[in-house]
Every structure is written in C-alpha cells, then in structure tokens.
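Residue-level structural notes
Here is how the chains run, residue by residue.
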Amino acid sequence: MRKMATAAATSASEAEAEPKAGPTAEGEEDDVKTARTRRKVLSRAVATATYKAVGPGWDQPEEGVSESDGDEEYAMASSAESSPGEYEWEYDEEEEKNQLEIERLEEQLSINVYDYNCHVDLIRLLRLEGELTKVRMARQKMSEIFPLTEELWLEWLHDEISMALDGLDREHVYDLFEKAVKDYIYMEATFAEYEEWSEDPIPESVIQNYNKALQQLERYKPYEEALLQAESPRLAEYQAYIDFEMKIGDPARVQLIFERALVENCLVPDLWIRYSQFLDRQLKVKDLVLSVHNRAVRNCPWTVALWSRYLLAMERHGVDHQVIAVTFEKALSAGFIQATDYVEIWQAYLDYLRRRVDFKQDSSKELEELRSAFTRALEYLKQEVEERFNESGDPSCMIMQNWARIEARLCNNMQKARELWDSIMTKGNAKYANMWLEYYNLERAHGDTQHCRKALHRAVQCTSDYPEHVCEVLLTMERTEGTLEDWDIAVQKTETRLARVNEQRIKAAEKEAAFAQQEEEKAEQRKRARAEKKALKKKKKTRGADKRKAEEDDEKEWGDDEEEQPSKRRKVENSTPPAGEAQDLEAETGLFGKSAPVDVDPPSKQKERAAALKRDMPKVPHDSSKDSITVFVSNLPYSLGEPDLKLRPLFEACGEVAEIRPIFSNRGDFRGYCYVEFKEEKSALQALQLDRKTVEGRPMFVSPCVDKSKNPDFKVFRYSTALEKHKLFVSGLPFSCTKEELEEICKAHGTVKDIRLVTNRAGKPKGLAYVEYENESQASQAVLKMDGMTIKENVIKVAISNPPQRKVPEKSEARKAPGGAMVPRQIYGARGKGRTQLSLLPRALQRPSVTVAQAENGPAPQPAVTTSAATEAPKMSNADFAKLLLRK
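**Here's the deal with the nonpolar core**
Grouped together as the largest cluster of nonpolar side chains are 93 residues, with contacts concentrated most on Ile345 and Trp346. In terms of residues, this core owes the most to one element, helix α17 (residues 339-356), which gives nine residues. Ranked by size, the runner-up nonpolar core spans 23 residues in total, among them Leu109, Leu122, Met142 and Trp153.

Structure, rendered in structure tokens:
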C-alpha cells in the first residue's frame, strides 16, 4: 500500500509539472486559474492515496474526488486543465471558509506559539488546501517547539516522499528521518518506515540516535502514559512530570512541560509562580520572561504574588519606569481578596522606587516621587482598603516603619522619622514592647542618647505585654551611659511601674478566680434547684396518694355504723381476712352494687414497678467490639415505618449489611435512630458518606459508633472548620433556592465539585450554602463575580470559607461557697421558667409553699427549708381557739 501511495504521488507530481512545458491558448488569467485548480486536485489526490496506504488516521478526502487508482486521479487533473470552470465552483466556498480559519489560526499562534492544538489544526488545513510550502513551514515551526507524535511524523514523511523528485529532495527526506528518530514518542514505526524506504544501508549515526530515542522513551513513557490515562486538568500528573524534568535540567524540555501543563491549568497561580521562578533563575531571556509574567497576571489577576514578581522581573530587565508604573496601577485595580495583599503590592512598588533613588544627593526627583508614593500608600490603605475590608491590612504599620528607616538611615532626617514613629504609636501600638524597642534601636543607631532615654521612659509607662523587658533595657542603658541621677530616676520609675503591673495582674487573677467561682456557684445552685423541684414534686405526689387513699376509705365505710369502724380497722391492721370472710365481703359489696376497693401502692413502689417493667422490656444488644464495622444513624423521622426494610437498600449500596437495629421506646414507638452493622470495616467507612442524605424529608445523620462512656469528649463534625481557599460560603440565599439553581449560577465561574445547602434537623433550608470549586483560583474569581449578586430578590454574600472556631463548653464542677452554705439561684425548674399551668388539686386541699413563693416572686431567693414546719401551719389546741374567741 505504501508503494501505491508513492506511485500515485509520483504520477501526480509529473502531472503537475506538465503545464509548465508550454503556454496555453486561453491567456494568462485562465492559465493561472487552471494551474491553481490543478494543484488543489493533485494535492487531494496525494492525500487520497496516502489515506488508502495508511488508514483512517489520515484526513478524509473531499467529496467529488475519486478514490480509484492514480490513473483516474491523473485523468481528473487532465480534465481540469481542459475545462477548469467545472471545478472552480466546487472549491470556492469551501476554500473561502478554510482560508478564514487559516488566518484565525495563524493569528492565534502569533499570540501564543505554544498552542499545540492550534499547530495541528493549521497543518491539517494547509495540507487540505494544497499549500505545500506553507504546510512545510508550519510543520518545521511546530517541530522546533514540540516533539511530534508518530502520526504527525508519518504524515510529514509521506508527503515529502511523494514530492521527492531528485537527489536533493531525497537528502531532505533523509534529514527528516534523522529528526524523527530523535523525538522520543513511539518512533519504532517511523524507524521501520525508514528501513523500508531507504535503498542504502542505514547510517550508524541514525541507528545510534534511534537507540538513544528508545532509551529516552523508557524514561518519559510513564509520565506520558499517566497523562493519557488521567482526566483533564491532570494537574497532579503534570506536577510529577515537571519535577522529573527539573531534575534532568534541560531548560527547553522544562519550558515545554510547563507550557503543556498551563494549557489545561491556566488558572492555577502556583503553577504560574513556579514557571516564572524557573525562567527568572534559569533562562533569564527578557522577552520570554516578561511574556510569561504578563500571561500569568492576565490569567490570575487576583494573586498578588504574581504581580509582585512581575514588577521585580520588569525592574530586573530594565523596563521603562512609566511601563512599570502603569503595571502597578493595573495591579491595584486587579481586585485582591485580602487587605494584606494590597499592603504587599504597595511594599513591592515602594521597594522598587527606593532602589531608583540616589541618596548621595540631598534631593532628587526620584526621592520626591518615593515620598509621594509613601504618602499615597498610607492614604490608599486608610480609605480604599479599610472601607472595603474594615481593616487597613497593616496593623503593625510596616509601611510607615519602612519609611521611617529610609528617612533615618538614608536621608539623615531623624525629625521625619520621629514624626512617623509618633503616628505609629498613636495607632494602638504603644502597648507593645517590641514596637518601642524597634523605635529605640532606630534612635540608638541614628539619633542621640537623650531621645533614646525619652523613648524608653515612655515605653516603661505604656507597655502592657512585656514591661519587664523594657525596664531591663532602660536600666542597662543607664548602667552603661547614664549619671547617678539618671540611674535613680530609672530605678524609681521601673520599680513603680512593675509594682503597679503586679498589682494589676493580681487583681486580674482575683477577678478571674471570682468569675470562675461564680460560675461554679451558679452550677451548684442549678443543681440544688433541680433537686428541690424534684423533692417538691415527689412530695406533691405523696399527698395526692394519701388523699386518694382517704377517699377510698370513706367509700369503703359508707353506710356503716360508727361502732363497727374500730373492728374493721383492727381487721385491716391485724391480718388478711380468711377466705370465707373474704367471700362474704365480696357478696356483701356485690349486694350493695359497689365494686371492691383497689389497693393503691405508694409512689416508691410505683417507681419500682415501672423500673422493673423497663428492665423487662427487650433491649437492643450492642457489642462494643464491633464498633469498627458499625455506624450510628440518627435524626430519622419518628414516623418511619419498618426502619429495617426502608434503610437496608440504602446502606447495602456501601457493602453487605449484617444487621440493622432500630431503637424503640417502651411503648413500641420508633425513636429516630438505629445501629447499622456491616460485614466489613470498609463498608462502614463508606457508609459515612451517606451523612446528611435526605430520608423522607429529613437529613439523616451517619456517624461512627463510639462508646461515649469511654470517649466522653468524642465529637463528630464531618466538615472542615479551617480556612479552605477553594470553597465558598454563601449566605442570604432565598429558602426556595435549590441546589441545581445554585449550581447553574456557580458553574459559570469554574468547575463546581460539590454544593451543600445547609439545613436544620428537620431538613428545612437556612439560606446558607457551601460551594466547592476545583481550585483556589476559580473560587477567588467566583467571589469577585458573585458577592452582592441578587438571586430571587435576595442579595447574597459570598466569601472564602473560613468558619469560626467551634467553642467547647467548659466543664464546671459543683463547689460550695466560701462560707460553706449553698446559695440557691432563682428557682425556675429543670426547664426554666415555664408557662402558667392549671392546678387540678381542689383549693380546699391546696397548701401554700413558702419556699417556692419566695423563690419565684421574691426579690432575692432564700435557702430552702426542708422541715415540715416550713410548709404546714402549726396545729392549734382548744385553748388557742378560746383565746381567739375572747379577742373578738
């Protein structure tokens, strides 16, 4: 088949050469049209023959071109010569379309020469249009940048072989074969093609290059195969490939793999930073370095590190100052996501301006520009940045400190430096020892002893974090340089200050201890209040039981004479009546139409009976040794019928389920949680992914099975509580917003990996959501675009996910007050101050509780009285009643 392709190409070439033998009678214009049409037909003939020789990997021939042998194609060319008008219309429309696409691809390559797909498409179109010279140049350019694949090399070689007419052309083909075997990607077929085509023995140099290519292939093959098997964007695979190339150290290959990686990961700032760093340190080619830096900030404008590196690179390669200033202004309008980013870019620009100044001159245009830039930076941070982020991003005033150092060390202007430090201290930094010591060191190096002493005296009075350190520095200075008077003043001031600090620390410690004691007392009061309420409730139940028993005794004695009551009491007190008497009693009560009285047990026996009944209820067995293969499922609907049957299909998707144990109450009602035991541990781990899955309208909670008695502090929170730069927190969403609607909005700014709508335990939305993007750059871009967006008349807020720290409640132990007595808090009961409740006890039997009334209504709660005298009025004798009557 390859020989057929060569023969067809050769005959086509001969046919192309025929028109040059003599002029046509149609005129020069028709001659040009005929030749052009013939070239297009012949080029398609070459492509057709090559397609038949190689297979479907080649470009398909155009419709209307015969797929017969070379003679028929030649006949088409001959007929085209005689009547060119028949075929012109067939190609004009398609030719115009292809020419426009060729121009677009050439323009694209002029912008980015490393666009691999653009190279391939351009070669294909040029070859299709029969632009033989241009397609050769396009292939040559691509081979200089990229190692060509086997298919591209074979296509190029077949085309060149088909056009080789003399010895010079054959030498060109030999050169191409030698270049082909130097590329490392699958060159076995190319070498075999070379062996078949060459009439002479293969040169030794070609064999050596071929063997070297095979050796390189073995080294690069794992990384190329990993890229082929992975899915886009394949960042991890490219990173591994880059590490491998960096170890080898070939700059051209390192540059190539970076460019290949950036085609699919152009929004990854770290990749741009690493690439630009390599170019800055290794290649140091101005045009290439600046081009990469420019592409980096265009793709990731929100990354301040890229802008800072860009400014440094421009300065390093001697770019004009006006261009650097314009670039800095673009950086300020890039929309950074943190206030500190603006401080960093300002610092980078101010460093650049400082390096432009010749400080040997007293004044210069560059120095004035530097001072103006410092002033503008402070105003920008105060107005623009602080208004947007509610902070300047520079709490330690690093820009002002840098300015003060420049004024003191390089301009010998200590007066200006002192003014700047006065401003720094008035911004809340006077309480920090390190700030005073920084100022002291500046005065020490470029000022005088008087100002050093003054600074340390102020530091002793103002410092609150480490006053001992400042006092020590002051005493050390006076010991080495001061007079006796200076020493005495320093000692007096430091002793007074340290005494005051110690006193403040003692008060603070006492206050903290008192607060802790109050918390413990409150806990003890709550404990006592619960105990008193429980005792009061128990007492009320006892009174109610006594009343019911008295009423039953009254019913039992109804209609009997008073003389018979003592004997009946004796019968009840002494012993149980005999069987016969019991039967007579039953007959008697039946005669009067009354039922036999029911014995009522006291509350203590009722509790014992309830406890026994609870013990007799079947409990759900759980083997703690199987915790690793068991998950705990909660927040299920109480109305879930047959939980075992409904939950089993859900969990069997994670692995084989050994048992599902739902928990029921004593009345047989489902309590909303259960245990799911698997056969294997990996199934239990996979089941944790079902957490928050909706079951009949409620989010199901799935957590590891852990014995809380052995691990009392164990808490399960599935989601991260740290800063996640690739995840967004969205608030203010309408409750009707669905996951699909939010995903449709978010995917316009990047690849969305997951969206979680926050709901309450009942599954109702809370208007919050977490959106996880593929990388940090996409998330940052989404923040800029979505923050303040209106969704269904709701203005949403979007920020990088950075949840606050989860507070762990402190465990306080009950302790007695210093006096030894327990001071109860205001008594509201175990559930707080409840609503008004109806009393079912008759008013005649109600007895006011003095303690409870004082606790609930009194101005201050008093200690509870546990004696019966506090709750019952004292009994009165006949003499007391007589005195009352005599008083009236």
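Read on for the rest.
**A few points about the pattern of salt bridges**
The full count for this structure, using the stated rule, is 37 salt bridges. As a salt-bridge pair, Arg667 and Asp669 come within 3.8 Å of each other at their nearest N and O atoms. We classify Asp669 as partly exposed; its relative accessible area is 40%.

**Overview of the confidence of the model for the protein**
Summing up the model confidence of the protein, the mean pLDDT is 75 and the portion of residues at 70 or higher is 67%. Contacts from residues 37-88, a stretch scored under 50 in pLDDT, to residues over four places away or in other chains number 86 contacts.

**Re the sheet that holds strand β4 (residues 693-695)**
Pairing is antiparallel in the open sheet, where five strands are placed in the order β2-β3-β1-β5-β4. Bordering the open sheet on either side are β2 (657-664) and β4, each of which pairs with just one other strand. On average, each strand axis in the sheet is tilted by 30° relative to the strand beside it, whichever way the strands run. Note: strand β1 (residues 630-634) against strand β5 (residues 698-704), four bridges, orientation antiparallel. Bridging from a neighbouring strand, Ser634 pairs with Phe701 of β5. Sitting on the sheet, helix α28 (residues 643-652) is in contact with β1, β2, β3 (670-678), β4 and β5, with an inclination near 140° to β2.

**A word on the pairing of strand β6 (residues 724-731)**
Relative to strand β11 (residues 797-801), β6 runs antiparallel, the two being bridged by five bridges. Opposite Phe729, over in β11, you have Ala799 as the bridge partner. Bridge count between β6 and strand β8 (residues 765-773): five bridges; the pairing is antiparallel. Paired with Phe729 across the two strands is Tyr770, which belongs to β8.

**Quick notes on the sheet that holds β8**
One open sheet holds the four strands; their spatial order is β7-β8-β6-β11, and the pairing between them is antiparallel. Both outer strands of the open sheet, β7 (752-759) and β11, are each paired with one neighbouring strand and no more. Across the sheet, the axes of successive neighbouring strands diverge by a mean angle of 25°, strand direction being ignored. With respect to the sheet, helix α30 (residues 739-746) is in contact with β7 and β8, its orientation differing from that of β7 by roughly 140°. Helix-sheet contacts for helix α31 (residues 776-786) involve β6, β8 and β11, and the interaxial angle to β6 is about 25°.

**Observations regarding the pairing of β7**
Two elements, β7 and β8, share seven bridges in a ladder whose sense is antiparallel. Within the sheet, the bridge partner assigned to Leu757 lies in β8 and is Ala769. The hairpin formed by β7 and β8 contains five residues between the paired strands, and Gly763 there has a positive phi angle of roughly 85°.

**Details of helix α20 (residues 414-429)**
Turning to α20, its buried residues are Met414, Ala417, Arg418, Leu420, Trp421, Ile424, Met425 and Asn429. Seen from one end, α20 has its buried residues packed into an arc of 160°, which puts them on one side. In this fold, the buried residues of α20 make contact with α19 (398-410), α21 (433-446) and α22 (449-462).

**Considering the packing of aromatic side chains**
In this structure the tally under the stated criterion is 20 aromatic pairs. On the numbers, 5.3 Å between centres and 20° between planes, the contact of Tyr223 with Tyr241 is stacked. Remark: Tyr241 occurs in helix α11 (residues 235-248) and Tyr223 occurs in helix α10 (residues 204-229); sequence separation between them is 18 residues. Owing to a relative accessible area of 25%, Tyr223 belongs among the partly exposed residues under this scheme. Judged by its relative accessible area of 1%, Tyr241 is buried.

**Considerations on the environment of Pro467**
Examined against the element boundaries, Pro467 turns out to sit in helix α23 (residues 467-481). The spatial distance from the C-alpha of Pro467 to the C-alpha of Lys431 is 9.1 Å, given a sequence separation of 36 residues. When near neighbours in sequence (up to four residues on either side) are disregarded, Pro467 contacts Leu498, Val501 and Arg505.

**So, the packing of α19 against α20**
Relative to each other, α19 and α20 sit at 160°, their axes nearing to 8 Å. Classified by the angle their axes make, α19 and α20 are roughly antiparallel. The crossing of α19 and α20 is left-handed. Residues Met400, Gln401, Trp403, Ala404, Glu407 and Ala408 of α19 lie in contact with α20, whose contacting residues are Met414, Lys416, Ala417, Leu420, Trp421, Ser423, Ile424 and Lys427. Looking at the contact of α19 with α20, its residues break down into nine nonpolar, two polar and three charged.

So, how was this worked out
Residues numbered from 1 in each chain as written. Predicted model: local features only at pLDDT ≥ 70, side-chain atom pairs only at ≥ 80, totals over all residues. Heavy atoms only, no water. Core = buried A, V, L, I, M, F, W, Y, C linked by side-chain atoms within 4.5 Å. Buried < 20%, exposed > 50% of the residue type's maximum accessible area, 1.4 Å probe, protein only. Helix = DSSP H or I, 4+ residues; strand = E, 2+ residues; numbered from the N terminus. Salt bridge = Lys/Arg side-chain N within 4 Å of Asp/Glu carboxyl O. pLDDT = per-residue confidence, 0-100. Contact = heavy atoms within 4.5 Å. Pairing = 2+ DSSP bridges. Axes fitted to C-alpha atoms, helices over the stretch in contact; angles between N-to-C directions. Arc of directions from axis to C-beta. Phe/Tyr/Trp six-rings, centres within 6.5 Å; stacked < 30°, edge-to-face > 60°. Parallel < 35°, antiparallel > 145°, perpendicular 65-115°, else oblique. Left-handed = near helix turned anticlockwise from the far one by under 90°. Nonpolar A, V, L, I, M, F, W, Y, C, P; charged D, E, K, R; others polar.

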